[in-house]
Amino acid sequence: MEITFLGTSSAVHSFERNHPAIVLKAFGEVMLFDCGEATQKQLIFAKVSPMKISKIFITHYHGDHILGLPGLLQSMNFRGRDTKLTIYGPKGLHKLQEAIFSLGYCKIEFPIEFIEIGSEIVEKTEEYVITSQNVNHYVPCLAYSIEELKKPRFQRQKAIELGVPVGPDFGKLHNGEEVEVDGKIIKPEQVLGPPRKGRKITYSGDTTPCDEMISLARDSTLLIHESTYITEDKEKAEENFHSTSTDAALVAKKSNSEKLILTHISTRYQNTDQLLKEAQEIFKNTEIAKDLKKIEL
C-alpha cells in the first residue's frame, strides 16, 4: 500500500501546500481521496497517471476538496479514457455531477458512476473493505477507512496429516471451501490458523473530534487526520468545525491507531513545529504531511 499526499493545505493554497488530495495505490488499483484545485498537476509531479484511477472518494463539497475534479475529468476525456470511473460522496453528489457536466463546453464520453453514500460499507472485495462514516463538520462530510482483508494462514502440514493431497484442494481450503478426501469431509477451520489483521488506513476529512471518528479509526495502521489549527486556536477550530493538533492526537490515542499523520494545515502556520510538538506530547508516533510525501505500509 502506497499513499502519496498530493495536497495538504486547508482552504487556501500556500507556496508549499496544495489543496487536499491523497492518492492510494493498493490491491492493483489507484484510488483518489478528495480532489482539490490543481490535483491533476500534483499527479504529474507524483508520477501517477490519472488514467489509472478507478475510484474517487469525496469527503464533502467545500471548494478546497472538489475544485480539481472538473478539470481532472475533462483531461481524462481529452486523453481518450474509455474505462469506467466511480465517484463516491455524501448527499449532494448528483448536484455536483450536474454542475460539472454543465461547466463550459464539457463533453465526457467515458462512463462515470456517481454514488451518494452515508455511513456504510462502500465496497467489499476478497482483498479489502472500504467504509464511510458521517463525521462532524458544518456541512455533510464523510471520513473513510480502507482495511486489508487477510486470509488466515494455511497450515500445510496439518492438511497433509489429514490426508489432503498437495494440489488444488489446498487452494479450496484456503479460500474457505470444504473438500472431500477418501469419503471424509475436511473443513477449512481444520487447516487454517487464527484470523490475521490486515493493514488499515483511515482518512478523516474535515471534522471536529467525535466518537464516530474514533470508532471508524479503531486499530488503524495509519490515521490521516485533519489538523487545521494549533491548540491556542481551539476556539477558531470549534467555530469552524475543525480539529487542532491535540484533537487529532487524542483521536489517534483513543482509537488505538499505530501512526498519525496531520494534514489540512492552515496557511497561518508557516512553521509547523508547534503542531507537531503538541500532537507528539499526546501521541508520539506523529508526523506532519507535506505535499508529495509518500508513505508505504
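In short, a report on the structure. (Residues numbered from 1 in each chain as written. Predicted model: local features only at pLDDT ≥ 70, side-chain atom pairs only at ≥ 80, totals over all residues. Heavy atoms only, no water.)

What follows deals with the environment of Asp 273. Assignment of secondary structure puts Asp 273 in helix 10 (residues 273-282). Under the relative-accessibility criterion, Asp 273 is labelled exposed at 52%. Put simply, Asp 273 and Ser 75 are 198 residues apart on the chain and 38 Å apart in space, counted from C-alpha to C-alpha. (Helix = DSSP H or I, 4+ residues; strand = E, 2+ residues; numbered from the N terminus. Buried < 20%, exposed > 50% of the residue type's maximum accessible area, 1.4 Å probe, protein only.)

Turning next to the packing of aromatic side chains. One pass over the structure, following the stated rule, counts 9 aromatic pairs. When the centroid spacing of 4.9 Å and the interplanar angle of 50 degrees are considered together, the rings of Phe 154 and Phe 170 count as tilted. A residue pair is termed long-range when its members are at least 10 positions apart, and Phe 154 in the loop between strand 9 (142-150) and helix 5 (156-161) and Phe 170 in helix 6 (residues 168-174) qualify at 16 residues. As far as the burial class goes, Phe 154 and Phe 170 line up, both buried. (Phe/Tyr/Trp six-rings, centres within 6.5 Å; stacked < 30°, edge-to-face > 60°.)

Moving on to helix 9 (residues 245-254). For helix 9, a buried count of 7 out of 10 residues is recorded, marking the element as mostly surrounded by other parts of the structure. Where helix 9 is buried, its residues meet helix 7 (211-216), strand 13 (222-226), helix 8 (234-239), strand 14 (260-263) and helix 10. Backbone geometry just downstream of helix 9 places Asn 256 in the positive-phi region, at approximately 60 degrees. (Contact = heavy atoms within 4.5 Å.)

Here we come to the pairing of strand 4 (residues 53-57). Most of strand 4 sits inside the fold, with 4 of its 5 residues counted as buried. The pairing of strand 3 (residues 29-33) with strand 4 spans 4 bridges and is parallel. Residue pairing for strand 4: Met 31 is matched across the bridge by Lys 55. Following the chain from strand 3 across helix 1 (residues 39-45) to the adjacent parallel strand 4, one finds a crossover that is right-handed. Bridge count for strand 4 against strand 5 (residues 85-89) is 3 bridges, and the pairing is parallel. Bridge pairing links Phe 57 to Tyr 88 in strand 5. (Pairing = 2+ DSSP bridges. Right-handed = clockwise from strand over helix to strand, strands pointing away.)

On the surface, a nonpolar cluster with roughly 310 Å² of combined accessible area is contributed by Ile 44, Phe 45 and Leu 292. The residue Leu 292 is located in the loop between strand 15 (286-288) and strand 16 (294-296) in this model. Under the relative-accessibility criterion, Leu 292 is labelled partly exposed at 34%. (Patch = residues over 30% accessible without salt bridge, like charges linked within 9 Å, V, L, I, M, F, W, Y side chains within 5 Å. Areas by Shrake-Rupley, 256 points an atom, 1.4 Å probe, with all protein chains shown as cover. Salt bridge = Lys/Arg side-chain N within 4 Å of Asp/Glu carboxyl O.)

A few words on the side chain of Thr 202. Looking at the secondary structure, you find Thr 202 in strand 12 (residues 196-203). Apart from the residues lying within four places of it in its own chain, the contact partners of Thr 202 are Tyr 144, Ser 145, Met 213, Leu 216, Ala 217, Ser 220, Leu 222, Leu 223 and Ile 224.

Moving on, we come to unusual backbone geometry. Positive phi is not limited to glycine here, since Lys 47 has a value of about 60 degrees. Checked against the element boundaries, Lys 47 lands in the loop between helix 1 and strand 4. Given the relative accessible area of 75%, Lys 47 is considered exposed. Positive phi values are uncommon outside glycine, yet Asp 219 reaches one of about 60 degrees. Along the chain, Asp 219 falls in the loop between helix 7 and strand 13.

Applying the stated rule across the entire model yields 13 salt bridges. Of the charged contacts in the structure, one is a salt bridge between Lys 187 and Glu 178, with a shortest N-O distance of 2.9 Å. Exposure remark for Lys 187: the relative accessible area of 34% places this residue in the partly exposed category. Close ionic contact of Asp 247 with Lys 234 constitutes a salt bridge, the shortest N to O distance being 2.8 Å. Of this pair, Asp 247 sits in helix 9 while Lys 234 sits in helix 8, placing them 13 residues apart in sequence. Taking the relative accessible area as the measure of exposure, Asp 247 reaches 6% and is therefore buried. A single salt-bridge network, built from bridges that share partners, covers Glu 2, Lys 25 and Lys 294.

For the rest of this paragraph, the subject is the nonpolar core. Core analysis: the largest hydrophobic core is formed by 27 residues, its most contacted members being Leu 32, Ile 53, Ile 56, Leu 69, Leu 73, Leu 85 and Ile 87. Among the secondary structure elements, those contributing two or more residues to this core are strand 2 (21-26), strand 3, strand 4, helix 3 (69-78), strand 5, helix 4 (93-101) and strand 6 (112-116). With 4 residues, helix 3 is the single largest residue contributor to this core. Ignoring sequence-local partners within four residues, the contact set of Ile 53 consists of Val 30, Leu 32, Leu 43, Met 76, Arg 81 and Leu 85. Core analysis: the next-biggest nonpolar cluster, separate from the first, contains 25 residues, Ile 22, Phe 27, Met 31 and Phe 33 among them. (Core = buried A, V, L, I, M, F, W, Y, C linked by side-chain atoms within 4.5 Å.)

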